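# A closer look at the structure
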Amino acid sequence: MAAVSKMKLELSELTAVSPVDGRYASKTRKLRNCFSEFALIRNRCFVEVEWIKYMCAHPEFHQMKELSPSSIAKLDLIITDFSLASAKRVKDIEATTRHDVKAVEYFLKESVVAMGKGPPDQDADTELSRIAEFFHFGCTSEDVNNLSWAISLSQARDKVILPAMKEIMEVLILMSRLYCDAPMMSRTHGQSATPSTMGKELSTFANRLYKQMKAFENVEILGKFNGAVGNFNAHVVAFPDIDWITVSKEFVESFGFQFNSHTTQIEPHDYIAELFDAVERFNTVLLDLSKDMWAYISLGYFTQRKLEGEVGSSTMPHKVNPIDFENAEGNLGLANAILSH
């Protein structure tokens, strides 16, 4: 039996427990800026900073004062300069609070107090110091979390997933045109049927993928910002004259999300189920494509080119196994199982 290594293994593509961050890291790297814990902490800080800026900009919050452009710029720097060291500081605070969102609140208070102190030869920036205790005002953790995840999902959809979907479709459309006159024998029930063209078969997949891509693209991302149980309880006690539904709606919509007016403590995440379902259907079409391509290779409709130095089989050097389509089939199936969990 091989000895278990006692080495302390730093996280890398070789030591990652999950193949998402290991073997397939080169394929998923762009998602780190959307779905890593670093990204979540940064988004939480962003929501909290935007909320305090919103309150300071509205005179109905009579205990707050309008911030000067320099103070607003300092607050914005917390987000634009947010680094791994910043996220590490939040995690250090969380080790004491044992609450992730409360740690973000304490980090922001700490940051603005430090900004307010300034150099020893200058007066303290009381404008920033006096707002420190208003971070997280009226919020339950889910107010911050649901908007933070909405930001992550929106960024992932627009900047990573939709471009990848469109790239696949563009390749299929190009191939369907290239092979529009290439005859092939269709098969039904695994048996030879009647003729078709390779271009037509590939265009069928492009058409199916387009419908699911549009469904994914058109899902409205929702947000809520209504307190501990969705009733603005603390809000009304503190500021009874404010129209809290309008304030909440304006704040949620400032992120580009649709306002969900009826919730409990949590935003129910029905739109996330819609998003995931659309991705699952897109993946199912890709699963069919992977299986068909595997079959076309098996039938000799396509021939794989061996790359220089590539070994197709450990014992049969004449083979080139269709591993990309086999890996795609397995990973798409696993992704769909998680998406529908």
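So, a few notes on the structure that sits alongside this text. (Residues numbered from 1 in each chain as written. Predicted model: local features only at pLDDT ≥ 70, side-chain atom pairs only at ≥ 80, totals over all residues. Heavy atoms only, no water.)

## Considerations on the pairing of strand E1 (residues 183-188)
Here is the key point about a regular strand: its side chains alternate between the two faces of the sheet. For the record, the criterion: Pairing between strands requires that DSSP locate at least two bridges from one strand to the other. Secondary structure elements follow DSSP: runs of H or I of four or more residues count as helices, runs of E of two or more count as strands, with numbering from the N terminus.
Sheet topology note: the E1/strand E2 (residues 191-197) ladder contains 5 bridges and is antiparallel. Along E2, the bridge assignment pairs methionine 185 with proline 195. A loop of 2 residues connects E1 with E2, the two strands running antiparallel in sequence, and histidine 189 in this loop sits at a positive phi of about 55°.

## Observations regarding the packing of aromatic side chains
For any two aromatic rings, the description comes down to two numbers: the centre-to-centre distance and the angle of the planes. As a reminder, the rule being used: Only Phe, Tyr and Trp rings are paired, with Trp represented by its six-membered ring, and only when their centres lie within 6.5 Å; those with planes under 30 degrees apart are stacked, over 60 edge-to-face, the remainder tilted. Burial status follows relative accessibility: with a 1.4 Å probe on protein chains alone, a residue under 20% of its type maximum counts as buried, one over 50% as exposed, and anything between as partly exposed.
In total, this model carries 17 aromatic pairs according to the counting rule given. On the numbers, 5.6 Å between centres and 70° between planes, the contact of phenylalanine 61 with tryptophan 244 is edge-to-face. Note that phenylalanine 61 is positioned in the loop between helix H3 (37-56) and helix H4 (69-80) and tryptophan 244 in helix H11 (residues 244-253), a separation of 183 residues in sequence. As far as burial versus exposure is concerned, phenylalanine 61 and tryptophan 244 are alike and both buried. Judged by centre distance (6.2 Å) and plane angle (10°), the ring pair of phenylalanine 255 and phenylalanine 257 falls under stacked. With relative accessibility at 15%, the residue phenylalanine 255 sits in the buried group. Exposure remark for phenylalanine 257: the relative accessible area of 6% places this residue in the buried category. Put simply, the rings of Phe46, Trp51, Tyr54, Phe61, Phe137, Phe225, Phe239, Trp244, Phe251, Phe255 and Phe257 touch in pairs and so form one group of aromatic residues.

## Observations concerning the pattern of salt bridges
Two side chains bearing opposite charge may form a pair once their charged atoms approach each other closely. For the record, the criterion: Every case where a carboxyl oxygen of Asp or Glu lies within 4 Å of a side-chain nitrogen of Lys or Arg is listed as a salt bridge.
On inspection of all chains with the given rule, the structure shows 18 salt bridges. For the salt bridge of aspartate 100 with arginine 44, the shortest nitrogen-to-oxygen distance reads 3.1 Å. Placement of the pair is aspartate 100 in helix H6 (residues 100-117) and arginine 44 in helix H3, with a sequence separation of 56 residues. A salt bridge links aspartate 277 to arginine 281, with the nearest nitrogen and oxygen atoms 2.4 Å apart. Pair noted here: aspartate 277 and arginine 281 are both in helix H12 (residues 270-299), with a separation of 4 residues, about one helical turn. Residue classification places arginine 281 among the partly exposed positions, given a relative accessible area of 33%. Shared partners join several salt bridges into a network, and the residues in it are Lys102, Glu105, Lys109 and Glu133.

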